[in-house]
Amino acid sequence: MLEILNPLVAVPTVPAGEKVDEAFDWLKTNFDLFFDAVGDGIESSVEGMHDILMVPDPLIVTVLLGLLAWLVRDWKLGVGTVIGFVAIQALGEMWEPAMWTLSQILLAAVIALVIGVPVGIASARSATASRVVRPVMDFLQTMPGLVWLVPMIGLFGIGNAAAIVATVIFAIAPSVRLTELGIRQVESEVVEAGQAFGATSRAILKNIQLPLAMPTVMAGVNQVIMLALSMAVIAGMVGADGLGKEVTGALAQANVAQGFDAGFAIVILAIFLDRLTASVGSRRPGHGRIKELRERFSPKPKPHEKTTAAA
């Protein structure tokens, strides 16, 4: 019976993991100076952002973030933001780790968007680029985030740089996908109206497609930030500063109180960032877009034409 179940043809073993390991070893050997420079730049950037957040008194930072939430959405979110960040201060030693985590999330999100939005635009404007980019994004999005930390440690060493690069790789897919989706969903009639008024391809992208696609693009920003935040705890496993390091330390020491405090601070950051980016994304362009296109791209009458018309 066992012999019947055996396969007729043995499947050859493919050392895929070993090949990937060799590829990363080759990158480290031949581009060591490049990765060191990138790592130093990331470390300096995140430390600079952290220092900026730590220079003022925590209450001042809290009030400023509350004002930002009020300006972006309404006074309710502003008050909720103030209450949430005051609660983080009340947890004791969690304010500085929270600022480390906020700095890492913002830096990772900026890098992911700087790379992802142009790639999404290229994918929306070229079917060939879309066919190439789509499977790459599928791979990046489905690979567990913890896996990306392993090669990043080899390239950048233990610390913030490895965690942020792994976070960018893990979180970049939504910005690419939703940017492409938003541009493709712009009605062709609006684009044709811009073309009829003499708009160039760049002007159509800047003044028509991106503004109309902005709610979808901002949904991608929201997802990038949420995925980056989900890596916060995992980042603590490679020595990155922040709330993830607090959770990892609590796990090693079975310290329930420390783990709960760090987790509560992560929840507050998540709610704040989610509501803030969702509020920005909900602002849709106003009505009368065709009229605006006509005013923007129609040739303006010369002064003597205005005089003649008045006469």
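Residues numbered from 1 in each chain as written. Predicted model: local features only at pLDDT ≥ 70, side-chain atom pairs only at ≥ 80, totals over all residues. Heavy atoms only, no water.

Draft legend 1. Expanded view of the overall build of the protein. Of regular secondary structure, the protein possesses 17 helices and 0 strands. Expressed as a percentage of the 311 residues in the protein, the buried residues total 39%. (Helix = DSSP H or I, 4+ residues; strand = E, 2+ residues; numbered from the N terminus. Buried < 20%, exposed > 50% of the residue type's maximum accessible area, 1.4 Å probe, protein only.)

Draft legend 2. Main features of the nonpolar core. One finds Phe-85, Ile-88, Met-152, Phe-156 and Leu-243 to be the most contacted residues of the largest nonpolar core, which totals 64 residues. Residues within four places of Phe-85 in sequence aside, it is in contact with Thr-62, Leu-65, Trp-95, Met-99, Ile-268, Leu-269 and Phe-272. (Core = buried A, V, L, I, M, F, W, Y, C linked by side-chain atoms within 4.5 Å. Contact = heavy atoms within 4.5 Å.)

Draft legend 3. Layout of helix 3 (residues 32–54). Helix length check: helix 3 (23 residues) gives 32 Å between terminal C-alpha atoms against 33 Å at 1.5 Å per residue, within 8%. Within the span of helix 3, buried status applies to Phe-35, Gly-39, Ile-42, Val-46, His-50 and Leu-53. Where helix 3 is buried, its residues touch helix 2 (16–30), helix 4 (58–72), helix 6 (95–125), helix 8 (145–156) and helix 9 (160–171). (Expected span 1.5 Å × (residues − 1).)

Draft legend 4. Structural detail: the side chain of Gln-104. Summarising the element assignment, Gln-104 is placed in helix 6. Residue contacts for Gln-104: discarding those within four places in its chain leaves Val-46, Asn-160, Ile-164, Ala-240 and Asp-241.

Draft legend 5. Molecular detail of the UniProt feature "transmembrane region" (unreviewed entry) in the protein. Per the UniProt entry, the sites bearing "transmembrane region" (unreviewed entry) are residues 52–71, 77–94, 106–126, 146–173, 212–238 and 250–273 in this numbering. Taken end to end, residues 212–238 is 85% helix and 0% strand, and its two terminal C-alpha atoms sit 40 Å from one another. Helix makes up 92% of residues 250–273 and strand 0%, whereas the separation of the span's terminal C-alpha atoms amounts to 25 Å. (UniProt positions renumbered as here; feature names shortened; annotations may be inferred.)

Draft legend 6. Looking closely at a nonpolar patch on the surface. Nonpolar side chains collect at one region of the surface, where Ile-60, Val-63, Leu-64, Leu-67, Trp-70, Leu-71, Trp-75, Val-79 and Ile-83 lie side by side and expose about 940 Å² of accessible area between them. Contributions of two or more residues to the nonpolar patch are made by helix 4 and helix 5 (75–90). Sort the elements by how many residues they give to the nonpolar patch and helix 4 lands first, with 6 residues. Summarising the element assignment, Leu-64 is placed in helix 4. (Patch = residues over 30% accessible without salt bridge, like charges linked within 9 Å, V, L, I, M, F, W, Y side chains within 5 Å. Areas by Shrake-Rupley, 256 points an atom, 1.4 Å probe, with all protein chains shown as cover. Salt bridge = Lys/Arg side-chain N within 4 Å of Asp/Glu carboxyl O.)

Draft legend 7. Region of interest: unusual backbone geometry. The residue Ala-254 is not glycine, and still its phi comes out positive at about 55 degrees. Relative to the elements of secondary structure, Ala-254 occurs in the loop between helix 14 (243–253) and helix 15 (256–281). By relative accessible area, which is 64% here, Ala-254 ends up exposed.

Draft legend 8. Examining the environment of Gly-220 more closely. Summarising the element assignment, Gly-220 is placed in helix 12 (residues 201–230). Judged by its relative accessible area of 0%, Gly-220 falls in the buried class. Sequence separation between Gly-220 and Arg-177 is 43 residues, and the spatial gap between their C-alpha atoms is 7.7 Å. Discounting chain neighbours no more than four positions away, the residues touching Gly-220 are Pro-174, Ser-175 and Leu-178.

Draft legend 9. Structural context of the pattern of salt bridges. Taken as a whole and assessed by the stated rule, the structure comprises 7 salt bridges. Its salt-bridge partner being Asp-36, residue Lys-28 comes within 4.0 Å of it at the nearest N-O pair. Arg-184 is the salt-bridge partner of Glu-180, the closest N and O atoms lying 3.1 Å from each other. Taken together, the residues Glu-180 and Arg-184, both in helix 10 (residues 173–184) and 4 residues apart, mark about one turn of the helix. For Glu-180, a relative accessible area of 11% corresponds to the buried category. Using a relative accessible area of 45% as the deciding quantity, one classes Arg-184 as partly exposed. Salt bridges sharing common partners tie together Lys-28, Asp-32 and Asp-36.

Draft legend 10. Here's a closer look at the packing of aromatic side chains. Taken as a whole and assessed by the stated rule, the structure comprises 7 aromatic pairs. When the ring of Phe-34 is compared with that of Phe-35, the centres are 5.4 Å apart and the planes differ by 70 degrees; the resulting orientation is edge-to-face. Summarising the aromatic geometry, the rings of Phe-85 and Trp-95 are spaced 6.2 Å apart at their centres and angled 75 degrees between planes, so their arrangement reads as edge-to-face. Here Phe-85 is found in helix 5, whereas its partner Trp-95 is found in helix 6, with 10 residues between them in sequence. Each of the two residues, Phe-85 as well as Trp-95, counts as buried. (Phe/Tyr/Trp six-rings, centres within 6.5 Å; stacked < 30°, edge-to-face > 60°.)

Draft legend 11. View of the environment of Ser-45. Among the secondary structure elements, Ser-45 is positioned in helix 3. Assessed through its relative accessible area of 34%, Ser-45 is described here as partly exposed. Considering only alpha carbons, one finds Ser-45 and Leu-107, 62 residues apart in sequence, at a separation of 7.7 Å.

Draft legend 12. Summary view of the environment of Leu-140. Inspection of the secondary structure assignment puts Leu-140 in helix 7 (residues 127–142). With 29 residues separating them along the chain, Leu-140 and Ile-169 place their C-alpha atoms 6.7 Å apart. Setting aside residues up to four positions removed in sequence, Leu-140 forms contacts with Trp-148, Ile-169 and Ile-172.

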